[in-house]
Amino acid sequence: MTLSHASQVSSRSCLAIVLGAGEGTRMKSAKPKVLHQVANRSMLGHVLATLTQAGATSTAVVVGPDREDVAREVQKISAEARIFVQTDRLGTAHAVLSAREALAQPVDDVIIAFGDTPLILPETFTKLRAPLAEGAAVVAMGFEAKDPTGYGRFITSGKELLAIREHRDASEAERAITLCNGGLMAIRGDLALTLLDRVENNNAKGEYYLTDIVEIARSLGHRTAIAVVSEEEVHGVNDRAQLAAAERMIQDRLRQAAMASGVTLIAPETVFFSHDTRLGQDVVVEPHVVFGPGVVVEEAAVIHSFSHLEGARIASGAGVGPFARLRPGAMIGPKAKVGNFVEIKNTDLGAGAKVSHLTYLGDASVGAEANIGAGTITCNYDGFNKHRTEIGEGAFIGSNSSLVAPITIGKGAFVGSGSVITDNIPNNALGLGRGRQTVKEGWAIEFREKAQAAKKK
Ligand code: UD1
Ligand code: MG
């Protein structure tokens with residue numbers, strides 16, 4: 001792609017139509033196929049986000065009947081997208097025509113994407129649209145298939161695309177062709193309805209094939225073109241094994257991108273990211289770490305092995321894990337330390353604060369440089385409501401303490417080990433909430449003698 005192609009494309013208006021009315025029978029799922037996730041975002045969400053990045057100026061999504069769940073997901077990702085329902089599933093051209101109202105608006109380019117093809121990249125749509133700017137009526141996206149079975153075949157003459165033949169309708173000779181249809185297409189906006197309305201269903205499946213618009217365009221004297229992409233990008237998901245394959249590919253991309261941006265991954269194949277994970281320069285991620293949605297890790301922080309993070313922000317130079325669990329709202333301050341078997345939820349941990357072992361902090365704020373001893377628990381829930389725990393700067397919470405919220409522990413205050421704290425502790429005070437220890441001299445000797453005598457009887 002030359003720069004002039006990209007700029008020619010970007011000045012053109014573009015309607016994207018995403019097909020997602022497929023039943024996804026092979027997924028064997030109560031959930032519609034396009035809502036299944038890779039890298040913690042629905043496949044449909046990936047496609048919609050990519051289309052926005054690719055410069056689509058309007059979007060239409062074609063869904064099956066009674067798919068409010070799909071409509072909700074569409075609204076979440078791209079609020080201005082319009083939703084069209086395809087009631088009878090009569091083929092890909094019929095699906096596109098379900099968005100007739102959108103197609104009737106004047107637009108330079110129309111692109112067709114599939115909701116179950118989540119690996120497609122924004123620059124690929126740009127490549128697909130480029131020939132339209134030079135007068136082509138239809139551009140089809142082709143790839144060299146390792147195994148072409150099931151795909152539509154490109155019938156070409158030199159660089160010209162003459163037709164796309166669906167597998168079931170192809171002759172033996174045509175089935176030997178390995179340049180296949182990836183399914184995505186770009187159509188000149190002023191011709192789209194003319195071409196689509198001429199599609200008929202006299203083929204092996206009795207469906208209205210989108211692919212037929214290639215031959216129709218040529219019969220009307222228009223030019224058609226091909227854009228070639230890698231097989232990986234047009235990987236479609238029909239079953240759970242293909243979903244797992246898509247996850248592998250997307251994780252690999254995310255790992256490569258993290259390393260390219262200056263993050264150390266000691267064993268990249270063991271680290272799992274979300275589509276939105278953000279990692280600063282010189283962050284180190286040790287083996288076997290899982291990033292759920294919404295995690296930001298700032299410069300030079302270290303995430304040790306076997307940690308699970310979700311909805312958390314980790315400031316620069318902080319250390320998390322091994323075996324840490326950060327849940328939504330965990331805000332870990334600069335150079336703070338979260339150690340092994342620590343769970344943190346909806347809590348601000350101040351700069352340099354330490355929570356080194358075996359602790360639960362929920363709905364709390366912990367001041368800078370405070371030290372939370374092993375086995376500390378914020379008792380934040382009374383069975384009905386959640387309550388907050390405030391711990392001041394430089395406070396020292398002795399091991400095995402229960403902090404019964406709502407509770408405030410002042411700056412520089414101490415909590416004696418093993419305390420159950422139910423009353424606020426002022427700045428620099430000591431709070432103790434435990435039974436007093438008694439010592440009985442010689443008690444053990446007496447006890448052993450009595451016990452021994454009782455056993456003989
Ligand atoms: C289609 C192409 C084929 C290409 C292949 C690539 C046609 C006729 N064939 O075949 O050339 O090699 O994709 O994967 O286009 N859909 C609807 N409503 C319908 C039918 C389909 O929304 O009535 C949606 C599906 O949900 C899916 C997409 O369109 O997202 C493609 O449909 P599918 O049935 O998978 O087409 P293929 O037979 O795979
Ligand atoms: Mg398919």
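Reading the values: the criteria
- Residues numbered from 1 in each chain as written.
- Chains lettered and ligands numbered in written order.
- Predicted model: local features only at pLDDT ≥ 70, side-chain atom pairs only at ≥ 80, totals over all residues.
- Heavy atoms only, no water.
- Helix = DSSP H or I, 4+ residues; strand = E, 2+ residues; numbered from the N terminus.
- Rg over C-alpha atoms; globule rule 2.2 N^0.38 Å.
- Buried < 20%, exposed > 50% of the residue type's maximum accessible area, 1.4 Å probe, protein only.
- Areas by Shrake-Rupley, 256 points an atom, 1.4 Å probe, with all protein chains shown as cover.
- Lys, Arg positive; Asp, Glu negative; His and termini not counted.
- Charge placed at Lys NZ, Arg CZ, Asp CG, Glu CD.
- Near = heavy atom within 4 Å.
- Polar contact = N/O pair within 3.5 Å; in protein donor to acceptor, adjacent residues only side chain to side chain.
- Nonpolar A, V, L, I, M, F, W, Y, C, P; charged D, E, K, R; others polar.
- Pairing = 2+ DSSP bridges.
- Axes fitted to C-alpha atoms, helices over the stretch in contact; angles between N-to-C directions.
- Left-handed = near helix turned anticlockwise from the far one by under 90°.
- Contact = heavy atoms within 4.5 Å.
- Core = buried A, V, L, I, M, F, W, Y, C linked by side-chain atoms within 4.5 Å.
- Salt bridge = Lys/Arg side-chain N within 4 Å of Asp/Glu carboxyl O.

Peer 1: I would appreciate a short explanation of the overall build of the protein in the present structure.
Peer 2: Summing up its helical and strand segments, the protein has 11 helices and 33 strands in all. Relative to its length of 457 residues, the protein is extended, with a C-alpha radius of gyration of 31 Å against a globular reference of 23 Å. Judged by the C-alpha coordinates and their principal axes, the protein covers about 105 × 60 × 40 Å. Looking at the protein as a whole, 48% of its 457 residues are labelled buried. Just so you have it, the protein exposes about 21700 Å², and 51% of that area is on carbon and sulfur atoms. One finds the centroid of the 48 positive side-chain charges in the protein at a distance of 7 Å from the centroid of its 50 negative side-chain charges.

Peer 1: Can you walk me through helix α2 (residues 43–53) in this structure?
Peer 2: For the α-helix, the turn length of 3.6 residues means that residues three or four positions removed from each other point alike. Across the 11 residues that make up α2, a large majority, 9, are buried. Here α2 has its buried residues at Met 43, Leu 44, Gly 45, His 46, Val 47, Leu 48, Ala 49, Thr 50 and Leu 51. Phi turns positive, to about 90 degrees, at Gly 55, one or two residues after α2.

Peer 1: Help me understand the site of ligand 1, please; the structure alone is not making it clear to me.
Peer 2: In the neighbourhood of ligand 1, 20 residues make up the surrounding shell, with Gly 22, Gln 86, Thr 92, Glu 166 and Asn 181 lying closest. Between ligand 1 and the protein, one listed contact pairs an oxygen atom with a backbone N or O atom of Gly 22 at 2.9 Å. Between Thr 92 and ligand 1, the recorded distance is 2.8 Å, taken from a side-chain N or O atom to an oxygen atom. Look at ligand 1: alone it shows 760 Å² of surface, and the protein chains cover 86% of it. When residues of the shell around ligand 1 are traced back to their parent elements, those giving at least two are β1 (14–20), α4 (92–97) and β10 (179–188). For the shell around ligand 1, the per-class residue count stands at 7 nonpolar, 9 polar and 4 charged.

Peer 1: Please clarify how the pairing of strand β23 (residues 337–349) should be interpreted in this entry.
Peer 2: Within a regular strand, side chains alternate between the sheet's two faces. Inspection of the sheet shows strand β20 (residues 319–320) paired to β23 by 2 bridges, in the parallel sense. Of the residues in β23, the one forming a bridge with Val 320 is Val 338. Two elements, strand β22 (residues 330–332) and β23, share 3 bridges in a ladder whose sense is parallel. Residue Ile 332 lies in a different strand from β23, and its bridge partner there is Leu 349. Here β23 pairs with strand β24 (residues 354–366) via 10 bridges, running parallel. Counterpart to Asn 340 in the pairing with β24 is His 357.

Peer 1: Sorry if this is basic, but what is going on with the packing of α2 against helix α3 (residues 68–77) here?
Peer 2: Helix-helix packing is characterised by the crossing angle of the two axes and by the distance between the axes. Interaxial distance between α2 and α3 falls to 10 Å at its minimum, and their mutual angle equals 35 degrees. As α2 runs across α3, the sense of the crossing is right-handed. Seen from α2, the contacting residues are Leu 44, Gly 45, Leu 48 and Ala 49; seen from α3, they are Val 70, Glu 73, Val 74 and Ile 77. For the contact of α2 with α3, the class distribution of residues is 6 nonpolar, 1 polar and 1 charged.

Peer 1: What am I meant to see in the nonpolar core here?
Peer 2: In summary, soluble globular proteins display a tendency toward joint burial of nonpolar side chains. Ranked by internal contacts, the top residues of the largest apolar core, which has 44 residues, are Phe 291, Ile 314, Leu 326, Ile 332 and Leu 349. Ignoring any residue separated from it by four or fewer positions in sequence, one finds Ile 332 in contact with Arg 313, Ile 314, Ala 315, Ala 318, Leu 326, Val 338, Ile 344 and Leu 349. Formed by 37 residues, the second largest nonpolar core is a distinct cluster that contains Leu 15, Ala 21, Ala 60 and Val 62.

Peer 1: I tried to follow the pattern of salt bridges on my own but got confused; where do I start?
Peer 2: Should their charged atoms come close, side chains of opposite charge can pair. Scanning the entire structure with this criterion turns up 17 salt bridges. Here Arg 165 makes a salt bridge to Glu 174, at a shortest N to O gap of 3.3 Å. Note on Glu 174: relative accessible area 17%, which makes it buried. If you follow the salt bridges from partner to partner, you end up with Arg 12, Asp 109 and Arg 129 in one network.

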